[in-house]
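So you can see what is in the structure, the chains are spelled out below.
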Amino acid sequence: MRVVSGIQPTGNLHLGNYLGAIRNWVRMQDALAEGDRAQAAAGDSAANSQCLFFLADLHAISQPHVPAELKRGTLEMAAALVACGIDPSRSILFNQAQVPAHAELQWLLGGTARMGWLGRMTQWKDKAGKNREGQSVALFTYPVLQAADVLLYQASHVPVGEDQKQHLELARDIAQKFNNDFGETFTLPEPIVPPQAARIMSLRDGTAKMSKSDASDMSRINLVDDADTIMQKVKKAKTDPEPLPGEIAGLEGRAEALNLVTIYAALADMSAEAVLAEHGGQGFGAFKPKLGELLVETLRPISARFTELLGDREALDAILARGAAKARELAAPTLTATYRALGLVG
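No experiment lies behind these values; they were computed from the predicted model shown.

**Overview of the nonpolar core**
L15, L81 and L295 are the most contacted members of the largest nonpolar core, which has 61 residues in total. The contacts of L81, once residues within four sequence positions are left out, are I7, I22, W25, L55, I86 and L93. Grouped together as the second largest cluster of nonpolar side chains are 40 residues, I92, F94, A101 and A327 included.

**Some details on the packing of aromatic side chains**
Taken as a whole and judged by the stated rule, the model has eight aromatic pairs. Here the aromatic rings of W124 and F140 are separated by 5.0 Å at their centres, their planes lie at 75°, and the arrangement is edge-to-face. In this pair, W124 sits in helix α6 (residues 122-128) while F140 sits in helix α7 (residues 137-151), placing the two residues 16 residues apart along the sequence. You'll find W124 and F140 in the same group, each marked buried. For the ring pair Y264 and F287, a centre distance of 5.4 Å and an interplane angle of 35° mean the geometry is tilted. Linking Y264 in helix α10 (residues 255-268) with F287 in helix α12 (residues 284-310), this pair joins segments that are 23 residues apart in sequence. F287 matches Y264 in its accessibility class, with the two residues each being buried.

**Describing the environment of V296**
The topology assignment puts V296 in helix α12. Judged by relative accessible area, which is 9%, V296 ranks as buried. When the C-alpha atoms of V296 and T229 are compared, they prove to be 9.6 Å apart, with 67 residues separating the residues in sequence. Sequence-distant contacts of V296, defined by excluding residues within four places in its chain, comprise A227, I230 and M231.

Rules used throughout
Residues numbered from 1 in each chain as written. Predicted model: local features only at pLDDT ≥ 70, side-chain atom pairs only at ≥ 80, totals over all residues. Heavy atoms only, no water. Core = buried A, V, L, I, M, F, W, Y, C linked by side-chain atoms within 4.5 Å. Buried < 20%, exposed > 50% of the residue type's maximum accessible area, 1.4 Å probe, protein only. Contact = heavy atoms within 4.5 Å. Phe/Tyr/Trp six-rings, centres within 6.5 Å; stacked < 30°, edge-to-face > 60°. Helix = DSSP H or I, 4+ residues; strand = E, 2+ residues; numbered from the N terminus.

Function cannot be inferred from these measures alone, as they are strictly geometric.
In structure tokens form, the structure reads like this:
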């Protein structure tokens, strides 16, 4: 298997980023490595699964941005991924901008992608809104870059959530048409639907996702928050006066209570039903300290490693440079084959 996935390099990482995406990446990396070890032990010398995780800084410039913030966000995301468990010795971690083949292949695929396909992209419609004429060309064509991101490495599998299924289908359509028109060049990637990620909501509003853009820092648990800050935020998290129910149905209409139970369940690797079976009947005065302690215990090593990495710019740059060198090496045969298939080189 060769798994490829990317993430936007946003800064100010919080609990929602970790439980919503990053933890699944780490588990996927570890599962593939364990599978390879088992195959090798059984005598399979061809066992060589790979994970490529990239920071989508080229995608980030499709919308207005501040260059210094993009650079800082890229480094912060790299530090966060490593701190959370992405191992650069087992996975290839890099940022797109250091691998020009991504942009090259996007242009080469531009002759195969169709305007009608891109115009039907749901995220284009959502992000462009009513002012489509005022949007950048990059925002319209970035699904072609997404296709290039995975086709470049002959990815066998791509993790997708509900919001990305359409983009992977487009990548497969582009690959299939290119193969039909110019000869077999690309692997058609299959989707991996990861385990349902916890949907982490704001600590101030259980109906809104936890977000770095929320004006109130009390709405989120940041990866760099210290133990006292975490306990204070959990203590002040919005709840209701009712105790926790014994069954999940009892959380209907109680968004803030459901959110705290969801966070506890995700951190403890339990179902929400199991959390309620254990803590049902308790008031939040008893439940919140337990949740806070679990958060502190989980995030302390991540926060320490994250802070350490951010303080060592050379180490971060070296991790991304090594990953980019490996990615460029993997990308070269596909890029050459694409130029050749199009008649651009002999």
